[in-house]
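Structural description and commentary
Chain by chain, the residues run as shown.
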Amino acid sequence: MNILAFESSCDETAAAVVRDGRQVLSNCIASQIEMHAIYGGVVPEIASRKHVEAITGLARQALEQAGVEKKDIDAVAVTYAPGLIGAVLVGVNFAKAAACAMGVPLIPVHHTRGHIAANYITHADLEPPFVCLCVSGGNTIIVDVKSYTEMTVLGGTRDDAAGECFDKVGRVLNIGYPGGAPMDRLGKGGDPTRYELPRAHVQGAELDMSFSGLKTAALNLLHNAQQKGETIDLPDFAASFGQAISDSLVPRAVAAVKMTGCGKLAIAGGVAANSRIRADLERACAREGIELFMPELKYCGDNAAMIGCQGYYEYLAGKIAGQDLNAYATRDISLG
Ligand code: KG4
């Protein structure tokens, strides 16, 4: 079954063709990062306009690179939630038109479910049940993936997402937008114990997290040093900051696996590309006898291949949308 998939929930327009859920025939992405970098964050209105400009060409490109024609497409999958509402709407409307024109089913896909499915592309042997630590710029949650389409949230951030923290601190350091990857590179070889930064605990909810205090502490440390004319060792600072984030994520993900007894942990989302978090997860899982699954770096960030992959399983579960499909800015992952 060939699925033509679309993703437009934030600042990447993407189209892909995926065969039978796991074989990526093409994966095309048009990033808007340069446009938003001027403003230090995603400007929703610009994102929507850029999606409109890019999506038709990307759909054509995805078909060409896959070596298939419209008549070879069996279904269209699209991210319909969550995300910037104007941006998601562009993908949803284009996908509706494409499905209608080709006379094939339309499959709505939850964006975070797509991120989780990126693991199926990299690991042909991975099947639910497993626990997935989903960490991106907009969300940080620990998900119990009971089956391909049944999921519940075991814990999550009470405030900022981990990726947002990287981005906000990276912005003050002026190291490039979005800040996560540059912070990661900067912190390599740095001393992660040099600067003391807080790790928050949510009393009574051991799998929940909080990152806003860490963000404020990191920003205060930088501003105080600036006011006093002190020099911050940037690699040590980036390493200390990255370690504080990893120390919040890794033990909770491991605890969630132990709680469910499934023995398998996956990671998903843009922050899943972080080298320190990946290394810490590898160490912790080896120590605890947990099987660890991580997507290839190219499938960590937003892409449409992951939407085509999850779309296949949603289709098998009977999830087909009509032409009245709407987009949603927020939606619980358990609702699909
Ligand atoms: O999943 P994603 O592409 O978009 C959302 O759905 O949010 O994630 C983007 C986030 C950004 O916050 C970015 O800074 C972060 O992923 N990110 C990283 C790394 N690469 C991307 N954060 C930490 N380390 C990285 N290597």
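Up top is the structure these notes are about.
Conventions adopted
- Residues numbered from 1 in each chain as written.
- Predicted model: local features only at pLDDT ≥ 70, side-chain atom pairs only at ≥ 80, totals over all residues.
- Heavy atoms only, no water.
- Phe/Tyr/Trp six-rings, centres within 6.5 Å; stacked < 30°, edge-to-face > 60°.
- Helix = DSSP H or I, 4+ residues; strand = E, 2+ residues; numbered from the N terminus.
- Buried < 20%, exposed > 50% of the residue type's maximum accessible area, 1.4 Å probe, protein only.
- Lys NZ or Arg CZ within 6 Å of the ring centre and 35° of its normal.
- Patch = residues over 30% accessible without salt bridge, like charges linked within 9 Å, V, L, I, M, F, W, Y side chains within 5 Å.
- Areas by Shrake-Rupley, 256 points an atom, 1.4 Å probe, with all protein chains shown as cover.
- Salt bridge = Lys/Arg side-chain N within 4 Å of Asp/Glu carboxyl O.

A word on the packing of aromatic side chains. One pair of aromatic rings is described through two measures. These are the centre distance and the angle between the planes. Applying the stated criterion to the full structure yields ten aromatic pairs. On the numbers, 5.2 Å between centres and 75° between planes, the contact of phenylalanine 6 with phenylalanine 94 is edge-to-face. With a gap of 88 residues between them, phenylalanine 6 in strand β1 (residues 2-7) and phenylalanine 94 in helix α3 (residues 85-102) connect regions that are remote in the sequence. Pairing phenylalanine 166 with phenylalanine 241 gives two aromatic rings, centres 5.5 Å apart and planes at 85°, and the pair type is edge-to-face. Highlighted residues: phenylalanine 166 in helix α5 (residues 162-173) and phenylalanine 241 in helix α8 (residues 234-260), separated in sequence by 75 residues. The exposure class assigned to phenylalanine 166 is buried, which follows from its relative accessible area of 3%. Under the relative-accessibility criterion, phenylalanine 241 is labelled buried at 0%. Each residue in the set Tyr120, Phe130, Tyr148, Tyr312 and Tyr313 is aromatic and connected to the rest through ring pairs, giving one cluster. Its end group placed over the ring of tyrosine 328, arginine 331 keeps NZ or CZ at 5.4 Å from the ring centre.

A word on a nonpolar patch on the surface. Together, Met35, Ile38 and Tyr39 make up an exposed nonpolar region whose accessible area comes to about 330 Å². Structurally, isoleucine 38 can be placed in the loop between α1 (33-37) and α2 (44-66).

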